[in-house]
Amino acid sequence: MTTNPPDVSTAAGILRLGNAFCDAKALLTAVELDLFTQLQQAPGGKATADEIKELLSLHGRGLSDFLDLLVALQVLERADGAYRNSSGTARHLVRGGDAYIGGFLLRSSRNLYPAWGRLEEALRTGKQQSGSDFEQVTKNPAILRQFVGSMDAFTNVLGSELVKAFDWSGFSSVLDVGGARGNLCSQIVRAQPHLAGHVFDLPEMAPLAAELATELGLTGKVEFHGGSFFDDPLPQAEVVVLGHVLHDWDPTQRSYLVHKAYDAVLPGGALLVYDRMLDDEPEHAENLVISLDMLLVTDGGSEYPAAEITGYAEQAGFTGIEVSPLSDYDTLIVARKPG
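These notes cover the structure that comes with them. Everything numeric here is computed off the predicted structure, so don't read it as measured data. (Residues numbered from 1 in each chain as written. Predicted model: local features only at pLDDT ≥ 70, side-chain atom pairs only at ≥ 80, totals over all residues. Heavy atoms only, no water.)

## Some remarks on the packing of helix H1 (residues 11-18) against helix H2 (residues 20-32)
Interaxial distance between H1 and H2 falls to 4 Å at its minimum, and their mutual angle equals 35°. On H2, the residues that touch Arg-16, Leu-17 and Gly-18 of H1 are Ala-20, Phe-21 and Asp-23. (Axes fitted to C-alpha atoms, helices over the stretch in contact; angles between N-to-C directions. Helix = DSSP H or I, 4+ residues; strand = E, 2+ residues; numbered from the N terminus. Contact = heavy atoms within 4.5 Å.)

## Examining the pattern of salt bridges
Evaluated as defined, the whole model comprises 12 salt bridges. Asp-34 is the partner of Arg-95 in a salt bridge, and the nearest nitrogen-oxygen pair spans 2.6 Å. Taken together, the residues span a long stretch of sequence, with Arg-95 in the loop between helix H6 (87-92) and helix H7 (102-116) and Asp-34 in the loop between H2 and helix H3 (35-41) at a distance of 61 residues. Here Arg-124 makes a salt bridge to Glu-120, at a shortest N to O gap of 3.1 Å. In this pair, Arg-124 and Glu-120 both sit in helix H8 (residues 119-125), 4 residues apart, roughly one turn of the helix. Because the salt bridges share partners, they merge into one network encompassing Arg-145, Asp-152, Arg-181 and Glu-211. (Salt bridge = Lys/Arg side-chain N within 4 Å of Asp/Glu carboxyl O.)

## Here we look at the sheet that holds strand E6 (residues 222-226)
Strand order in the open sheet formed by 7 strands is E6-E5-E4-E7-E8-E10-E9, and the pairing between neighbours is mixed. What marks the edges here is a single partner per strand, and that holds for E6 and strand E9 (319-326). Going across the sheet, the axis of each strand differs from the next one's by a mean of 20°, ignoring polarity. Alignment of strand E5 (residues 196-201) against E6, held across 5 bridges, turns out to be parallel. Bridging from a neighbouring strand, His-198 pairs with Glu-223 of E6. Where helix H11 (residues 183-191) meets the sheet, its contacts fall on strand E4 (173-177), E5, E6, strand E7 (237-243) and strand E8 (265-275), and the angle it forms with E4 comes to roughly 160°. (Pairing = 2+ DSSP bridges.)

## Here we look at the nonpolar core
Judged by nonpolar contacts, the single largest core of 28 residues is most densely connected at Leu-271, Val-273 and Phe-318. Secondary structure elements with two or more residues in this core: E4, E7, helix H13 (251-264), E8, helix H15 (306-316) and strand E10 (330-336). If sequence neighbours within four positions are ignored, Leu-271 has contacts with Val-240, Leu-242, Val-258, Ala-261, Val-265, Phe-318, Ile-333, Val-334 and Ala-335. Counting residues in hydrophobic clusters, the runner-up holds 23 residues, among them Val-163, Phe-166, Leu-184 and Leu-332. (Core = buried A, V, L, I, M, F, W, Y, C linked by side-chain atoms within 4.5 Å. Buried < 20%, exposed > 50% of the residue type's maximum accessible area, 1.4 Å probe, protein only.)

## Quick notes on H13
For H13, built from 14 residues, the straight-helix expectation of 20 Å at 1.5 Å per residue is met to within 8% by its first-to-last C-alpha distance of 20 Å. When we look at burial in H13, the residues that qualify are Arg-254, Ser-255, Leu-257, Val-258, Lys-260, Ala-261, Tyr-262 and Ala-264. Packed against the buried residues of H13 are E7, E8 and H15. Its side-chain oxygen 3.1 Å from the backbone nitrogen of Thr-252, Asp-250 forms the N-cap of H13. (Expected span 1.5 Å × (residues − 1). Polar contact = N/O pair within 3.5 Å; in protein donor to acceptor, adjacent residues only side chain to side chain.)

## Examining the packing of aromatic side chains
Taken as a whole, this structure holds 7 aromatic pairs when the rule is applied. Seen in terms of ring centroids, Phe-229 and Phe-230 are 5.2 Å apart; in terms of plane orientation they differ by 75°. Their pairing is edge-to-face. Judged by its relative accessible area of 24%, Phe-230 is partly exposed. Ring plane angle 85° and centroid distance 4.8 Å describe the contact between Tyr-262 and Phe-318, whose orientation is recorded as edge-to-face. (Phe/Tyr/Trp six-rings, centres within 6.5 Å; stacked < 30°, edge-to-face > 60°.)

## Looking at the pairing of strand E3 (residues 82-85)
Pairing between strand E1 (residues 46-48) and E3: 3 bridges, direction antiparallel. Across the sheet, residue Lys-46 finds its bridge partner in E3, namely Arg-84. Note: strand E2 (residues 76-79) against E3, 4 bridges, orientation antiparallel. Paired with Ala-79 across the bridge in E3 is Ala-82. The antiparallel hairpin formed by E2 and E3 contains 2 residues in its connecting segment, where Asp-80 sits at a positive phi of about 55°.

## Re the environment of Gln-40
Mapping Gln-40 onto the fold places it in helix H3. Sequence spacing of Gln-40 and Gly-220 is 180 residues, and the spatial spacing of their C-alpha atoms is 35 Å. If near-sequence neighbours (up to four positions away) are discounted, Gln-40 is found in contact with Gly-45, Asn-85, Ala-90 and Val-94. At 2.8 Å, the side chain of Gln-40 and the side chain of Asn-85 are in polar contact.

## Observations regarding empty space enclosed by the protein
Evaluated as defined, the whole model comprises 1 cavity of 30 Å³ or more. Volume-wise, the largest cavity comes out at about 40 Å³. Elements with a minimum of two residues in the lining of the largest cavity: H2 and H3. Broken down by element, the lining of the largest cavity gets its largest block of residues, 3 residues, from H3. (1 Å grid on protein atoms, 1.4 Å probe; cavity = no way out; pocket = protein on both sides within 12 Å on 5 of 7 lines; lining within 4 Å. Points joined across faces, edges and corners; volume = space filled by probe spheres on them.)

## Notes on the packing of helix H10 (residues 141-165) against H11
Following both chains from N to C, one finds H10 and H11 inclined at 30°, their axes separated by 8 Å at the closest point. When the interaxial angle is binned, H10 and H11 end up roughly parallel. Here H10 and H11 pass one another in a crossing that is right-handed. On H11, the residues touching Asp-152, Thr-155, Asn-156, Gly-159, Ser-160, Leu-162 and Val-163 of H10 are Asn-183, Leu-184, Gln-187, Ile-188 and Ala-191. Partitioning the contact of H10 with H11 into residue classes produces 5 nonpolar, 6 polar and 1 charged. (Parallel < 35°, antiparallel > 145°, perpendicular 65-115°, else oblique. Left-handed = near helix turned anticlockwise from the far one by under 90°. Nonpolar A, V, L, I, M, F, W, Y, C, P; charged D, E, K, R; others polar.)

Below, the structure written as structure tokens:
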């Protein structure tokens, strides 16, 4: 899917593009305020500006303009002086829903939005601008839970797509490497109950993984393994998944992880890699934005072309490598290990 920017052949289009951050911050602020959940829970799923003022404990100045901007952005609807969620926000931005993606937008608001304000510094120095590394994230339970929420937001969207994109019928086990608390693996196992699920991530994720397994009734069906994928051996499985993991690392580290995944895939099994991969032509603004996210929040990460990973996979010994689209922006690579 190609992102269409404003018409930058005109002064108005250039100004619109330069101020697009205002639209983004309006949406992020609505998520921070939990506006969409509060509206959904209001009588009849709607509320006036005065009612929203009381619901969210706001001052009131600028509130009508703020709400009308959200209407113009099509995330709210207005009728007879009352506001309600649009169909998309009702599905994706109301807490507790299966398709909730607000966790990632909270991360965008609190981490990515400030970091993008330092893009010039990142381009001049090549250094990340988020001000923290993942070790610090894991030491703060509240921030770790926020991070896990953002990962759940991605896998809530991609899980069903991955289930449909791959034939799981000939396999009995799946391992999600860097799988956070196991949200993706849980979706796969629920859709393919013949599979034994395994998740590998840092030990600090273990309580959150146990919490999710209990919540979904998957205790004993999805097993969590704690460790560092650079320092510790990976559990073995017939299907190994590296999803939104390789873009966190530089090319040398990506190659290392693909080779390490080869050792974890049982003979006759497969490696599945998905990321916001880059084409030869810079048409996909969304993926280029994510690649710059990696500049701003990691020490060496970036998005990458599919050819880079297929090259590593061939060097490791994988065969029958296939590349195909996965959802709107992601690309899926399937690499087979000879039996």
